[in-house]
Structures are given as structure tokens and as C-alpha cells.
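Chain by chain, the residues run as shown.
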Amino acid sequence: MQIDLSALPQDEGPRQRAARICGAHLVAGLPLEKADLATWAGYTNPRSGGNEYRCLVGEFGPVQEREGAAAVDLDRASPDHQDAPARTAA
């Protein structure tokens, strides 16, 4: 699967991008692979992306796949959007 990364704000770091991407997949009900998250979020080390993936799944739960889900909308995962999971302070 491909997603349009141009919707991501340029000033976000990998951790914020990862949270936005994970949130979009949760809202859409589409699966998310660790390697894809690492690449899309901009991690140079795939292990860092994998660690972030595990943290996000631990915080928000696994993505529940929905039948018929076809697209990920990164704008829907913005912090201002109601459907986006909110990240709690660590």
C-alpha cells in the first residue's frame, strides 16, 4: 500500500509522523506494518520505527481491520481531528 506523505507537516519529527500515520490507520481500519511505519515516518534505523510501532500499539491498541476499508487519510489523523487518537503525555 502507498500513502500520500505530502499531507504530513514538514516540521514534524519521526515520532509525530509515526503517531499521525498510526492514527490514520486506526481511523481507516487498514493494517499497518512496522517496516512501512518506519519508512513513512522517516526513521533512518528500521529498529527505531519498530520500537515506535510497539509503543503506539501499546498506547492505542492494534489496528482493527475493517472490511471494505481502502484509503488512509492523514489529514483525519491530525491532532485537531476528533477521530484521531490523542497521545498521552509520558
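Just so you know, these numbers come straight off a predicted model, no measurement behind them. (Residues numbered from 1 in each chain as written. Predicted model: local features only at pLDDT ≥ 70, side-chain atom pairs only at ≥ 80, totals over all residues. Heavy atoms only, no water.)

1. Focus on the overall build of the chain
Here is step 1: Along the chain, the regular secondary structure elements total three helices and zero strands.
Here is step 2: In sequence order, the secondary structure elements of the chain are arranged as α-α-α.
Here is step 3: Looking at the chain alone, contacts between residues at least 24 apart form 67% of all its contacts between residues at least 6 apart.
Here is step 4: For the chain, the accessible surface area stands at approximately 5700 Å², while carbon and sulfur atoms represent 47% of it. (Helix = DSSP H or I, 4+ residues; strand = E, 2+ residues; numbered from the N terminus. Contact = heavy atoms within 4.5 Å. Areas by Shrake-Rupley, 256 points an atom, 1.4 Å probe, with all protein chains shown as cover.)

2. Topic: the environment of Ser6
Here is step 1: Following the sequence through the fold, Ser6 ends up in the segment before α1 (14-28).
Here is step 2: By relative accessible area, Ser6 is classed as exposed at 57%.
Here is step 3: Along the backbone, Ser6 and Leu74 are 68 residues apart, and their C-alpha atoms lie at a distance of 9.3 Å. (Buried < 20%, exposed > 50% of the residue type's maximum accessible area, 1.4 Å probe, protein only.)

3. Thoughts on the nonpolar core
What tends to happen in soluble globular proteins is that the nonpolar side chains get buried as a cluster.
Here is step 1: In this structure, Ile21, Leu56, Val72 and Leu74 are the most contacted members of the largest nonpolar core, which totals 20 residues.
Here is step 2: Every element with two or more residues in this core is listed here: α1, α2 (34-41) and α3 (46-60).
Here is step 3: Of all the elements, α1 adds the most residues to this core, at seven residues. (Core = buried A, V, L, I, M, F, W, Y, C linked by side-chain atoms within 4.5 Å.)

4. Notes on the packing of α1 against α2
Here is step 1: Here α1 crosses α2 at 130°, and the two axes come no closer than 8 Å. The orientation of α1 relative to α2 falls into the category oblique. α1 and α2 meet at a crossing whose hand is right-handed. In this structure, α1 contributes Pro14, Arg17, Ala18, Ile21 and His25 to the contact, and α2 contributes Leu37, Trp40 and Ala41. (Axes fitted to C-alpha atoms, helices over the stretch in contact; angles between N-to-C directions. Parallel < 35°, antiparallel > 145°, perpendicular 65-115°, else oblique. Left-handed = near helix turned anticlockwise from the far one by under 90°.)

5. Some thoughts on the environment of Gly49
Here is step 1: Along the polypeptide, Gly49 turns up in helix α3.
Here is step 2: Residue classification places Gly49 among the buried positions, given a relative accessible area of 0%.
Here is step 3: For the pair Gly49 and Asp36, spaced 13 residues apart in sequence, the C-alpha separation works out to 8.7 Å.

6. With respect to the confidence of the model for the chain
Here is step 1: Per-residue pLDDT for the chain averages 79, and the proportion of residues at 70 or more is 81%.
Here is step 2: At the low end of the mean pLDDT range in the chain sits α3, at 88; at the high end sits α2, at 90. (pLDDT = per-residue confidence, 0-100.)

7. Here's the deal with α2
Here is step 1: Along α2, the positions that sit buried rather than exposed are Leu37, Ala38, Trp40 and Ala41.
Here is step 2: Buried positions along α2 lie against α1 and α3.
Here is step 3: Immediately downstream of α2, the backbone of Gly42 shows phi near 95°, a positive value.

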